[in-house]
Amino acid sequence: MSIDAAQKQPSPKKKTGGLAGITAGETEISAAGGAHNLEYRGYSIYDLAEHAEFEEVAYLLTRGELPNEEQLRAYRSRLIAQRDLPQSLKEVLERIPANAHPMDVMRTATSFLGNIEQETGTHDEDAVTDRLIATYPAILVYWWHFSQNGKRIECTTDTQSVGGHFLTLLHQKHREDSHKKAMDISLILYAEHEFNASTFTARVITSTMSDFYSAVTGAIGALRGPLHGGANEAAMALISRFSTPEDAVAGVKEMMAAKQLVMGFGHRVYSEADPRNRVIKKLAKKLADNVGDTKLYPVSEAIENLMWKEKKLFPNLDFYSASTYHFMGIPTPLFTPIFVMSRITGWAAHIMEQRTNNKLIRPSADYTGPATRPYIPLEKR
Ligand SMILES: CC(C)(COP(=O)(O)OP(=O)(O)OC[C@H]1O[C@@H](n2cnc3c(N)ncnc32)[C@H](O)[C@@H]1OP(=O)(O)O)[C@@H](O)C(=O)NCCC(=O)NCCS
């Protein structure tokens, strides 16, 4: 390459900023972007969201294939049987203050479970995965009710699905089937997404031959940030600031002028649309109509139209998830932990995949610090 041509190349730092566009490994679990749009083990998320239940998708991701009827029945029974929390975990949850972030509660509970139900030969990665899927709704909601009003709830319910169980625990009564179905669709959409930041974190930790709980605890920490899972809460904060579409347009224009990020928009992998948005937006509209909403949905659409018109940015899954959860009566601080309840399935699949063909993940960096220099003795500095 000539010197001129080399000078026209983007600097390595710019090119690899945030590892954008860098392929960091292979996976059989999902394909995101390009002609695939989004597929879990070859199945389109549109088919899964329309026809499957979350437990089928959890089984597909963690076991490799969709279950038949008998396998699904047995899997569901196994999850239901493991929902209750150990007393010592309840005591830990009761000590976490009410002003803690619920994502910190999920992280602490995962880490604590790793102490009392360690990953061993008999309590292997499949067993740990099932246990976390089964207990996450109660972990979150037990702490929530205790910290909000001192109430110690029962951690088991007779609601069959993971999403329905969560809603029953939260509202302390059965919810209508439309809400259970909406939860199921949302959990399916959030379940897996290739080498996103939290999954990659889980794989890096796994690659050191660390344990399953450490990988999931680290993944929860990565998901917590507003550039990743925390965006659904930030999107709710945004849309609830405005009373009308006109207010929203004016407010978001001001944000753009101030070069602020509008949470719930844009994506590292997709350039024109997030395929999951089509599904979640339809769901948000249906629930908005059911509750007679005349504010949040129109405000959301006004922001969506403006962002596309002005910046060619599109809503990601988090944007309409915010109003969807709100219309189901879910408090905003619980939005990102719901993501954990779902994404544990994808994380688990990636932890297992990393283990089957492990190689330490340890990239290198281009050094840009000071040139080599002599050591200056302390008294001469
Ligand atoms: C998801 C996200 C981190 C992807 O980031 P990325 O691939 O690094 O994209 P970039 O930050 O390089 O964005 C390219 C340009 O679009 C802008 N942009 C991207 N997302 C934006 C947003 N949500 N609001 C305003 N501007 C945005 C960037 O500021 C940048 O502008 P510039 O070229 O003038 O500097 C980013 O879109 C974002 O911060 N979105 C908001 C948080 C969010 O919703 N996260 C959930 C993701 S599923």
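Residues numbered from 1 in each chain as written. Predicted model: local features only at pLDDT ≥ 70, side-chain atom pairs only at ≥ 80, totals over all residues. Heavy atoms only, no water.

## Thoughts on empty space enclosed by the protein
Phase 1 of the analysis: Tallying each qualifying case throughout the model produces one cavity of 30 Å³ or more.
Phase 2 of the analysis: In this structure, the largest cavity occupies an estimated 30 Å³ of space. (1 Å grid on protein atoms, 1.4 Å probe; cavity = no way out; pocket = protein on both sides within 12 Å on 5 of 7 lines; lining within 4 Å. Points joined across faces, edges and corners; volume = space filled by probe spheres on them.)

## Some points on the packing of helix α11 (residues 197-207) against helix α12 (residues 212-223)
Phase 1 of the analysis: Contact pair α11 / α12: the axes reach a minimum separation of 8 Å and the direction vectors enclose 150 degrees. In terms of axis orientation, α11 runs roughly antiparallel to α12. Judged by the twist between their axes, the crossing of α11 over α12 is right-handed. Across the interface between the two elements, Ala197, Ser198, Thr201, Ala202, Ile205 and Thr206 from α11 touch Ser214, Ala215, Gly218, Ala219, Ala222 and Leu223 from α12.
Phase 2 of the analysis: Here the residues of the contact of α11 with α12 are counted per class, giving seven nonpolar, five polar and no charged. (Axes fitted to C-alpha atoms, helices over the stretch in contact; angles between N-to-C directions. Helix = DSSP H or I, 4+ residues; strand = E, 2+ residues; numbered from the N terminus. Parallel < 35°, antiparallel > 145°, perpendicular 65-115°, else oblique. Left-handed = near helix turned anticlockwise from the far one by under 90°. Contact = heavy atoms within 4.5 Å. Nonpolar A, V, L, I, M, F, W, Y, C, P; charged D, E, K, R; others polar.)

## Observations regarding unusual backbone geometry
Phase 1 of the analysis: One non-glycine residue, Asn37, adopts positive backbone phi at about 60 degrees.
Phase 2 of the analysis: Along the polypeptide, Asn37 turns up in the loop between β1 (30-32) and β2 (38-40).
Phase 3 of the analysis: Taking relative accessible area as the criterion, Asn37 reaches 33% and is therefore assigned partly exposed.
Phase 4 of the analysis: The backbone phi angle of Gln172 is positive, close to 55 degrees, even though this residue is not glycine.
Phase 5 of the analysis: On the secondary structure map, Gln172 appears in the loop between α9 (162-171) and α10 (177-190). (Buried < 20%, exposed > 50% of the residue type's maximum accessible area, 1.4 Å probe, protein only.)

## Examining the site of the ligand
Phase 1 of the analysis: Residues in close proximity to the ligand total 18 residues, the closest being Leu227, Val262, Gly264, Phe265 and Arg268.
Phase 2 of the analysis: Val262 places a polar main-chain atom, nitrogen or oxygen, 2.8 Å from a nitrogen atom of the ligand.
Phase 3 of the analysis: For the ligand, whose accessible area on its own is 860 Å², the fraction buried by protein is 60%.
Phase 4 of the analysis: Residues that form the shell around the ligand fall into these classes: nine nonpolar, six polar and three charged. (Near = heavy atom within 4 Å. Polar contact = N/O pair within 3.5 Å; in protein donor to acceptor, adjacent residues only side chain to side chain. Areas by Shrake-Rupley, 256 points an atom, 1.4 Å probe, with all protein chains shown as cover.)

## Remarks on the layout of surface pockets
Phase 1 of the analysis: Space inside the largest pocket adds up to approximately 1,300 Å³.
Phase 2 of the analysis: Lining the largest pocket are 43 residues, and of these Asn196, Ala197, His267, Arg268 and Val269 sit closest to its centre.
Phase 3 of the analysis: Secondary structure elements with two or more residues in the lining of the largest pocket: α11, α16 (296-311), α17 (317-327) and α18 (335-356).
Phase 4 of the analysis: Across the lining of the largest pocket, the residue classes tally to 21 nonpolar, 13 polar and nine charged.
Phase 5 of the analysis: Counting residues domain by domain, the lining of the largest pocket receives three or more from each of domain 1 (32-224 + 333-356) and domain 2 (232-327). (Domains from an automatic or database assignment.)

## Section: the sheet that holds β2
Phase 1 of the analysis: Taken in spatial order, the three strands line up as β1-β2-β3 in an open sheet, and their pairing is antiparallel. Lying at the two open borders of the sheet, with one neighbouring strand each, are β1 and β3 (43-44).
Phase 2 of the analysis: Bridging between β1 and β2 involves three bridges; their strand directions are antiparallel. Within β2, the position partnered with Ser30 by the bridge is Tyr40. (Pairing = 2+ DSSP bridges.)

## A few points about the nonpolar core
Phase 1 of the analysis: If you look at the biggest cluster of nonpolar residues, it comprises 107 residues, and the most contacted ones within it are Leu93, Tyr136, Phe166, Met183, Ile303 and Ile330.
Phase 2 of the analysis: Element by element, the count of residues in this core is highest for helix α8 (residues 125-149), at twelve residues.
Phase 3 of the analysis: Domain assignment of the residues forming this core places at least three in each of domain 1 (32-224 + 333-356) and domain 2 (232-327).
Phase 4 of the analysis: Contact partners of Tyr136, with chain neighbours within four places excluded, come to Met106, Thr110, Val216, Ile220, Val340, Met341 and Ile344. (Core = buried A, V, L, I, M, F, W, Y, C linked by side-chain atoms within 4.5 Å.)

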